[in-house]
Amino acid sequence: MRKAVLHLVLLAGLLAGCEEKIADPDPRAAGYDYYPVAIGDFRIYNVTDIQYRYNVGDTARFQLQERVDTSFYDQTNTLNYKIVRSIRPDAGSPWVDDSVFVVAKTNTMVLLTKDNTPHVKLVFPVKAGESWLGDAYNNNKANSYTPVDGRRSEYYLSKESYTYDKVGEPFTIGDKTYPKTLTVVQGTPTESWIGFDDRQEVYAEDIGMVYMRYNRIVYCNQMESSKCEYAIGYKLNGHERHEILTSYGHK
């Protein structure tokens, strides 16, 4: 009788151990390490930002720092991190705080909230070809431009779908190569006579975002302006931005 009870106890222990393994997936296999976040983490980017209007680009170049400042639990008992963004014109100038956003990283997603608007930046587990709605938790449709004549562009009115691409592949930019990265393609890359849309973010394992490209252009066309008489490819308005990681660490 004692042996039977002992066997039952051992079997229950083994089953409990199996359940724990199923409930706790390997963090690295799930892709959690593509977005590390802890108080004191920082990343610095070289930024090129171009605003187009009437085919003229106004270019600004500066550095951007994101530092994880504090953490707190929200009303749903989810751990959130307050991230402060600072800018400076060059490496020799002091940082000036520019904006704040909040990140919640759970077992299923990374939710970034800026200007009271949440966006699902990543989902877990990471899988090549996986798609999700970046605007799933807000009331937005896609970001869109207000054309020069005040009308809203129908070209960009749709919910944003994000997709994983090049998962686990190396990524090189400038003189730096990151051995294991993933690319998040935001929306559907498009170029037509109406406009151009190419947006993506690249995340490196154990580092976070290492590159961001945002390029949305509205070409001159009859849908955007009833008085459009410019040549094909004329940039009526738009925004192009590149962020390239230059350093990162923990303070």
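Please refer to the structure higher up on the page.
Residues numbered from 1 in each chain as written. Predicted model: local features only at pLDDT ≥ 70, side-chain atom pairs only at ≥ 80, totals over all residues. Heavy atoms only, no water.

Some details on the overall build of the protein chain
Alright, step 1. A tally of helices and strands in the protein chain yields two helices and 13 strands.
Alright, step 2. The proportion of buried residues among the 251 residues of the protein chain is 44%.
Alright, step 3. When contacts within the protein chain are restricted to residue pairs at least 6 apart in sequence, those whose partners lie at least 24 apart make up 50%.
Alright, step 4. As displayed, the protein chain has an accessible area near 14,300 Å², and 54% of this comes from carbon and sulfur atoms. (Helix = DSSP H or I, 4+ residues; strand = E, 2+ residues; numbered from the N terminus. Buried < 20%, exposed > 50% of the residue type's maximum accessible area, 1.4 Å probe, protein only. Contact = heavy atoms within 4.5 Å. Areas by Shrake-Rupley, 256 points an atom, 1.4 Å probe, with all protein chains shown as cover.)

Some points on the pairing of strand S2 (residues 56-73)
Alright, step 1. Here strand S1 (residues 41-53) pairs with S2 via twelve bridges, running antiparallel. By the bridge assignment, Asp 49 is partnered in S2 with Ala 60.
Alright, step 2. Between S1 and S2, which pair antiparallel one after the other, the connecting turn spans two residues, and Tyr 54 there sits at a positive phi close to 55°.
Alright, step 3. The sheet contact formed by S2 and strand S3 (residues 79-88) spans ten bridges and is antiparallel. (Pairing = 2+ DSSP bridges.)

Focus on empty space enclosed by the protein
Alright, step 1. Here the structure, examined in full by the defined rule, presents one cavity of 30 Å³ or more.
Alright, step 2. Computed from the structure, the largest cavity encloses a volume of approximately 30 Å³.
Alright, step 3. What lines the largest cavity is simply Asp 41, Phe 42, Arg 43, Glu 66, Arg 67, Val 68 and Ile 83.
Alright, step 4. Looking at the lining of the largest cavity, the elements with two or more residues in it are S1 and S2.
Alright, step 5. Grouping the amino acids of the lining of the largest cavity by side-chain chemistry returns three nonpolar, no polar and four charged. (1 Å grid on protein atoms, 1.4 Å probe; cavity = no way out; pocket = protein on both sides within 12 Å on 5 of 7 lines; lining within 4 Å. Points joined across faces, edges and corners; volume = space filled by probe spheres on them. Nonpolar A, V, L, I, M, F, W, Y, C, P; charged D, E, K, R; others polar.)

Some details on the side chain of Asp 33
Alright, step 1. Looking at where Asp 33 falls in the secondary structure, it is placed in the loop between helix H2 (27-30) and S1.
Alright, step 2. Within the structure, Asp 33 has its side chain in polar contact with the side chain of Arg 28 (distance 2.6 Å). (Polar contact = N/O pair within 3.5 Å; in protein donor to acceptor, adjacent residues only side chain to side chain.)

Details of the side chain of Glu 201
Alright, step 1. For Glu 201, the position within the fold is in strand S11 (residues 195-204).
Alright, step 2. At a separation of 3.0 Å, a polar atom in the side chain of Glu 201 contacts the side chain of Lys 121.
Alright, step 3. Side chain to side chain, Glu 201 and Tyr 203 meet in a polar contact 2.6 Å long.
Alright, step 4. In contact with Glu 201, other than residues within four places in its own chain, are Lys 121, Leu 182, Thr 183, Val 184, Gln 186, Met 209, Tyr 211 and Met 212.

With respect to the layout of surface pockets
Alright, step 1. What the largest pocket holds in volume is close to 820 Å³.
Alright, step 2. What lines the largest pocket is a set of 28 residues, and nearest its centre among them are Leu 112, Lys 114, His 119, Lys 121 and Glu 201.
Alright, step 3. Where the lining of the largest pocket is concerned, the elements lending two or more residues are S1, strand S5 (109-114), strand S6 (117-123), S11, strand S12 (208-219) and strand S13 (235-250).
Alright, step 4. Along its surface, the second largest pocket is lined by Asp 74, Thr 76, Thr 78, Asn 80, Val 102, Ala 104, Thr 106, Thr 108, Met 109, Leu 111, Thr 113 and Tyr 137.
Alright, step 5. Among the elements of the structure, strand S4 (96-105) and S5 are those that each provide at least two residues to the lining of the second largest pocket.
Alright, step 6. Counting residues per element, the lining of the second largest pocket draws most heavily on S5, at three residues.
Alright, step 7. Here the lining of the second largest pocket is composed, by residue class, of five nonpolar, six polar and one charged.

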